[in-house]
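Chain by chain, the residues run as shown.
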Amino acid sequence: MAQKLKTIGVLTSGGDAPGMNAAVRAVVRRGLSHGLQVKGILRGYDGLINDEVKDLGPKDVSDIIERGGTILYTARCPEMKTEEGVLRAVETCRRHGIEGLVVIGGDGSYRGAGKLANHGINVIGLPGTIDLDISCTEYTIGFDTAVNTAMQAIDKVRDTSSSHERCSIIEVMGRDAGYIALWCGIANGAEDILLPEKYDYDEQKIIDNILENRRYGKTHHIVVNAEGIGHSASMARRIEAATGIETRATILGHMQRGGSPTAKDRVYASTMGCMAVDLLLQGKTRRVVGYKDGEFVDYDIDEALAMTKGISEYQCEIAVDLSHNYLKPIA
């Protein structure tokens, strides 16, 4: 580096995700171990624009690794899409001497980071979203916890669905991505999994599957429905009318964002947080940290945003096979 890095900042942006606190803690402690001053920006880019900045010491991040959410709070910030908003954010960084900034969030957060980099702020992005919808990485902070939370909830719904011999449509989060739905569908042994990437909106197929399973002697039916498809309540009414089988909709909602992070989310988020600081110390900027083929890697922000990824075709295939009981109809 042309000059020694002295002060870095960290913020969380967009939707909260379990493990964000672990990443914040890692950024602070890794930075302090290298003699850096670390500042926390509250409420994401909105806080950066409005100068909500505070010093973070070792005590500030004690006992937070097990907590869900983010101690720095988070918010959406439409103003960051404007040049005026970006310039105000840059001015806040310069006012506080922030030479490097770690941004924990999704693709929208990365775009904001890229704009700051265009104005000379060294930025590193970390993938923080339960949706797993960041193309440059096979892991995002919070996904593992969200899937486990949803899986446990679906197990409980299955118990009551079986007791009442009903069909249950359970809607999970994920925005326009079906990763949570696919993983839960396989993990929970769902009879039908509806993914935005694959669903053809042919409800009759679901109805036929429910009736066929009932003929085979199956007394309950679980449909895992992705948020990107939605309309679970109206779907349940139509299916009940068509099958005569009591059908209930359960929308798990924001419970999937909360709760104590799993070991994987704690360890991976901590590793990514440390790597972000190391990249800044190496003089790098406009980078995002990802996980690919068993290794933690980094990419240029523009390269990362240009990447695409789809849902696993193989997992979709086996999900169908695993959902069938292969029993002969009861005479």
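Since the model is a prediction, treat every value here as computed from it, not as a measurement. (Residues numbered from 1 in each chain as written. Predicted model: local features only at pLDDT ≥ 70, side-chain atom pairs only at ≥ 80, totals over all residues. Heavy atoms only, no water.)

Draft legend 1. Representation of the sheet that holds strand β6 (residues 167-172) in the model. Taken in spatial order, the four strands make up an open sheet running β7-β8-β6-β9, and their pairing is parallel. With partners counted over all chains shown, the strands left at the sheet margins are β7 (192-194) and β9 (247-251), one partner each. Geometrically, the sheet is characterised by an average inter-axis angle of 15° between neighbouring strands, direction not taken into account. Across six bridges, β6 lies against strand β8 (residues 221-226) in parallel orientation. Across the sheet, Glu171 pairs through a bridge with Asn225, a residue of β8. Contacting β6, β7 and β8, helix α7 (residues 203-215) crosses the sheet at an angle of about 160° to β8. (Pairing = 2+ DSSP bridges. Helix = DSSP H or I, 4+ residues; strand = E, 2+ residues; numbered from the N terminus. Axes fitted to C-alpha atoms, helices over the stretch in contact; angles between N-to-C directions. Contact = heavy atoms within 4.5 Å.)

Draft legend 2. Representation of the pattern of salt bridges. Counted according to the given criterion, the structure contains 18 salt bridges. Across the salt bridge formed by Lys205 and Asp200, the nearest N and O atoms sit 2.6 Å from each other. Taking relative accessible area as the criterion, Lys205 reaches 49% and is therefore assigned partly exposed. (Salt bridge = Lys/Arg side-chain N within 4 Å of Asp/Glu carboxyl O. Buried < 20%, exposed > 50% of the residue type's maximum accessible area, 1.4 Å probe, protein only.)

Draft legend 3. Molecular detail of helix α5 (residues 143-163). In this model α5 runs 30 Å from its N-terminal to its C-terminal C-alpha over 21 residues, within 8% of the 30 Å that 1.5 Å per residue would give. If you check which residues of α5 are buried, you get Phe143, Asp144, Thr145, Ala146, Val147, Thr149, Ala150, Ala153, Ile154, Val157, Arg158 and Ser161. Those residues of α5 hidden inside the fold are in contact with β6, α6 (179-187), β8, β9 and α9 (263-281). Note on α5: the residue one or two positions beyond its end, Glu165, has a positive phi of about 55°. (Expected span 1.5 Å × (residues − 1).)

Draft legend 4. Focus on the environment of Glu83. Mapping Glu83 onto the fold places it in helix α3 (residues 83-95). Along the sequence, Glu83 and Ser62 sit 21 residues apart, while their C-alpha atoms lie 37 Å from each other. Looking at Glu83, its side chain comes within polar contact range of the side chain of His119, at 3.2 Å. (Polar contact = N/O pair within 3.5 Å; in protein donor to acceptor, adjacent residues only side chain to side chain.)

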